[in-house]
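# Structure at a glance
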Amino acid sequence: MLSAVDHVQLAAPPGSEDALRAYYGSVLGMTEIPKPPVLAARGGCWFAAGPVQLHLGVEEDFRPARKAHPGLRVTGIEAYAERLTARGALVVWDGNLPGHRRFYSEDPVGNRLEFLEPDPAV
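Model, not experiment: these values are computed from the prediction. (Residues numbered from 1 in each chain as written. Predicted model: local features only at pLDDT ≥ 70, side-chain atom pairs only at ≥ 80, totals over all residues. Heavy atoms only, no water.)

This part covers the packing of aromatic side chains. The full count for this structure, using the stated rule, is five aromatic pairs. Centre to centre, the rings of Tyr23 and Tyr24 are 5.0 Å apart; their planes meet at 85°, and the pair counts as edge-to-face. Looking at Tyr24, the relative accessible area reads 0%, which means it is buried. (Phe/Tyr/Trp six-rings, centres within 6.5 Å; stacked < 30°, edge-to-face > 60°. Buried < 20%, exposed > 50% of the residue type's maximum accessible area, 1.4 Å probe, protein only.)

Laid out in structure tokens, this is it:
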């Protein structure tokens, strides 16, 4: 029986770790968590915010995920969107999910990310 999603993994090109750390840490406000040494040797980096974990793994023939994406629940979506915009990240609002406010953004290597919050007005 499934009980939770442990983490979501996204791919990234070799050598992009510094840009990923800047985005996921400084822009999104996540904390980098250590990878086990055997996995750290492969490159990439892992991040967490509360129970949410995103793992970025190095892929030699990298292509960003344009349609596939993690959906990340946030609180205070307007302020969070302003945070991203103030730090130079793209924010594209989408009103097509009934009962939710949401926007899309991209990490520095082009992976699509969705941020959403239930709409209390609904």
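Glancing now at helix H1 (residues 17-27). Every α-helix carries 3.6 residues per turn, so stepping three or four residues along brings you back to the same face. Those residues of H1 lying buried are Glu17, Leu20, Tyr23, Tyr24 and Val27. Down the axis of H1, the buried set is contained in an arc of 160°. They therefore lie on one face. Next to the buried residues of H1 lie strand E1 (8-12), strand E3 (45-49), strand E4 (52-58), helix H3 (77-86), strand E7 (100-106) and strand E8 (112-118). One or two steps after H1, the chain reaches Gly29, where phi turns positive at roughly 80°. (Helix = DSSP H or I, 4+ residues; strand = E, 2+ residues; numbered from the N terminus. Arc of directions from axis to C-beta. Contact = heavy atoms within 4.5 Å.)

Strand order across the open sheet formed by four strands is E1-E4-E3-E2, with mixed pairing between neighbours. Unpaired on one side and paired on the other, E1 and strand E2 (31-33) mark the two borders of the sheet. Between one strand axis and the next, the sheet turns through 30° on average, direction left out of account. (Pairing = 2+ DSSP bridges. Axes fitted to C-alpha atoms, helices over the stretch in contact; angles between N-to-C directions.)

As for its position among the elements, Pro34 is in the loop between E2 and helix H2 (37-40). In this structure Pro34 comes out as exposed when scored by relative accessible area, which is 71%.

Further remarks concern the confidence of the model for the protein chain. When pLDDT is averaged along the protein chain, the result is 95; 99% of the residues meet or exceed 70. The least confident element of the protein chain, judged by mean pLDDT, is H2 at 94; the most confident is strand E6 (residues 92-93) at 98. (pLDDT = per-residue confidence, 0-100.)

A word on the environment of Pro14. Within the secondary structure layout, Pro14 lies in the loop between E1 and H1. Note: C-alpha distance between Pro14 and Leu84 (70 residues apart in sequence) is 25 Å. If sequence neighbours within four positions are ignored, Pro14 has contacts with Val58, Glu59 and Glu60.

Looking at H3, one finds that the buried residues are Ile77, Tyr80, Ala81 and Leu84. Summarising the axial view, the buried residues of H3 lie within an arc of 100°, below the 170-degree limit, and thus occupy one face. Away from its buried face, by an angle of more than 90 degrees, H3 presents the exposed residues Ala79, Glu82 and Ala86. Downstream of H3 by one or two residues, Gly88 has phi in the positive range, about 85°.

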